[in-house]
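Letter by letter, the chains look like this.
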Amino acid sequence: MALSIEDIKKVAHLARIAISDADTSATLTKLTGILGLIEQMQAVDTTGIVPMSHSQNLSQRLRNDVVTKTNLRDEFQKNAPKLGNGSTEPAVADGLYLVPKVIE
Amino acid sequence: MEWEVVIGLETHTQLQTNTKIFSGAAIKYGAEPNTQACEVSLALPGVLPVLNKQAVHCAIKFGLAINAEIAPRSVFARKNYFYPDLPKGYQISQFELPVVGKGAVTIQVPAQGKNAAYEKVINITRAHLEEDAGKSVHGAVEDMSGIDLNRAGTPLLEIVTEPDMRSAAEAVAYAKKLHELVQWIDICDGNMQEGSFRCDVNVSVRPKGTEKLGTRREIKNLNSFKFMTQAIEYETRWQIETLEDGGKIQQATVLFNPDTGETRAMRSKEEANDYRYFPDPDLLPLIITEADKARIGADMPELPAAMKARLEAQYGLSSYDASSLTTSKDLADYFVAIVDAGADAKQAANWMMGSVSAKLNSEDKNIKACSISAQQLAQLLTRIADGTISNNAAKQVFEAMWAGEGDVDSIIAAKGLKQESDTGAIEAIIDEVLAANGAMVEEFKAGKEKAFNALVGQAMKASKGKANPAQVNEILKKKLSA
């Protein structure tokens, strides 16, 4: 499968990774290499083999529906991202975490 | 050209659990912001999700209730997107292998205008477990948005239909049926105001008689049946007008504005749609055995369809009555309790759908909050059946019971509502009435049927409304023909 520079830019944007134009072509080469490896693996005949969704052949343990967590809001909010502009105060107000305004 | 609307629904039902789907944090509604946001909800580094057993049980119950395939092995996947109320950068959901596969729900579409009521089977494509996101709060601080992660990680079952519905009425009938069912099997509290049951509706139109589906627009987060009707009707009209004007429909997510009654495009979907799902390496496959299904199935209540059939067969109710009484499990249980306490089934059904439901509606209550117990109501119906009180008097007793004025017999005594059923006493009253109304008697004998009713009226009046009307009729007839 051939990747284009546009594909690299799109994937980078979806992952919110800033990537310079210079790095774009290097990334293209590396990702193309990885896809080449996958293509090689796809050549193997896997007829009748159930795909694994996890590297360990185990099943999910289930947890009883019992409250085990206590309210540690004050502790957690001490570690909230800072307000910015040199402020060392955590960006919280009225118990809410503050983020740049979200416009829908 | 004649157009046909094609509708499919995706419903997010919040599951009835004490804790989140992947952590032991509480999920009580209305808690102070972020007091139920543990390290897993906040996506702090190093935390791992552990699946809630109760959430899985709810999914299995739903699968059994719609007679669906329940996957012996299902897989959790990451749905990747960036939004401040989703601190992990992905939502844990299910993609290729959902826990519940194909099933079906039978809906009853009510009569509309000259169109008769009908039943229709709506196919369910799948239902999968996933976590809810947090909530954004605007306006608390200028130029900032506030994030409350209490809701992040709340267990949801997303139920997806095939594009099987052909009108707003069908879509709403399905949504109501599903709403009744998830509450009946006790997996969701159904509270739409609090967001426990939210519907996304996919709407497209195509020329009638054609097969190919039109481009769809998705109406997000409808939380009332009334809004759902309005939104679908507006959206359908808009799409038809756009196409007839030579325009094209762009795939989009739209929001319904209840104030204007209009739908409006939210954001372009092309990019948002690229979720790059992949299996979540933090979670192992969910294995459900035949034994798990059998154990949970054994604990399931009788399903609404089966109970409806039983009410018809066992109690001789009409299909309409039986279906009205099985809209909720509490309602159906209340009915059965009245009949078990000795009341006549048909009369019990009439009272429940008449006085009881009118009273509950006027006070915006459900049957659970009914201030009259099934035993008390049965006692009231027994007093009608044994002739102690008339139907009219029973209505007064009912009002008094509702107001908490005491039990049936003490209210009848206190208000002096007991019917006069003593034949001798009624005969005496009728003799007086006949003597005092010679003219009417003559009229009746001359063939005027109306005079008979007038005489009954006089007798009832003379007894101050307490005479048993059936007895008055009978005795009067006998005396006049003598």
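Along every chain, residues carry numbers that run from 1 in the direction the sequence is written. Each chain is given a letter, starting from A, and each ligand a number, starting from 1, according to the order in which they appear as written. Per-residue local features of the predicted model are confined to residues with pLDDT of at least 70, and side-chain atom pairs are confined, for both listing and counting, to 80 or more; whole-chain, interface and lining totals are unaffected and use all residues.

Novice: Before we go on, may I ask you to explain the sheet that holds strand β15 (residues 278-279) of chain B in this structure?
Specialist: Each strand in a sheet pairs with another by means of backbone hydrogen bonds, the pair being arranged parallel or else antiparallel. Residue and element names in this part refer to chain B. Pairing in this open sheet of 3 strands is antiparallel, and the strands run β5-β4-β15 from one edge to the other. The open sheet has two edge strands with one neighbour each: β5 (90-94) and β15. Two strands are said to pair when DSSP picks up at least two bridges between them. Numbered from the N terminus, helices here are DSSP runs of H or I no shorter than four residues, and strands are runs of E no shorter than two. Summarising the sheet, strand β4 (residues 76-80) and β5 pair through 5 bridges and their orientation is antiparallel. Within the sheet, the bridge partner assigned to Asn80 lies in β5 and is Tyr90.

Novice: Just checking my understanding: could you explain the interface of chain B and chain A for this structure?
Specialist: Often, the extent of an interface is quoted as the loss of accessible area upon association of its parts. Throughout, a pair of residues is in contact if the C-beta atoms placed from their backbones lie within 7 Å. At the interface, 42 residues of chain B touch 30 residues of chain A. Of all elements in the fold, only β2 (51-52), α2 (53-65), β8 (135-138), β9 (144-148) and β16 (286-287) of chain B reach the threshold of two or more residues within the side of chain B that touches chain A. At 5 residues, β9 of chain B tops the list of elements feeding residues into the side of chain B that touches chain A. Grouping the amino acids of the side of chain B that touches chain A by side-chain chemistry returns 24 nonpolar, 12 polar and 6 charged. Across 4 bridges, the pairing between strand β5 (residues 96-100) of chain A and β9 of chain B is antiparallel. Following the sheet pairing, Pro100 of chain A is matched in β9 of chain B by Met144 of chain B. Lys, Arg, Asp and Glu make up the charged group, whereas Ala, Val, Leu, Ile, Met, Phe, Trp, Tyr, Cys and Pro make up the nonpolar group; the residues left over, Gly among them, are polar.

Novice: Looking at this structure, I do not really get the sheet that holds β5 of chain A. What am I missing?
Specialist: With antiparallel pairing, the 4 strands of this open sheet are ordered in space as β4(A)-β5(A)-β9(B)-β8(B). Two strands close off the open sheet at either side, each with one partner strand: β4 (92-93) of chain A together with β8 of chain B. Where β4 of chain A and β5 of chain A come together, 2 bridges link them in antiparallel fashion. Following the sheet pairing, Ala93 of chain A is matched in β5 of chain A by Leu96 of chain A.

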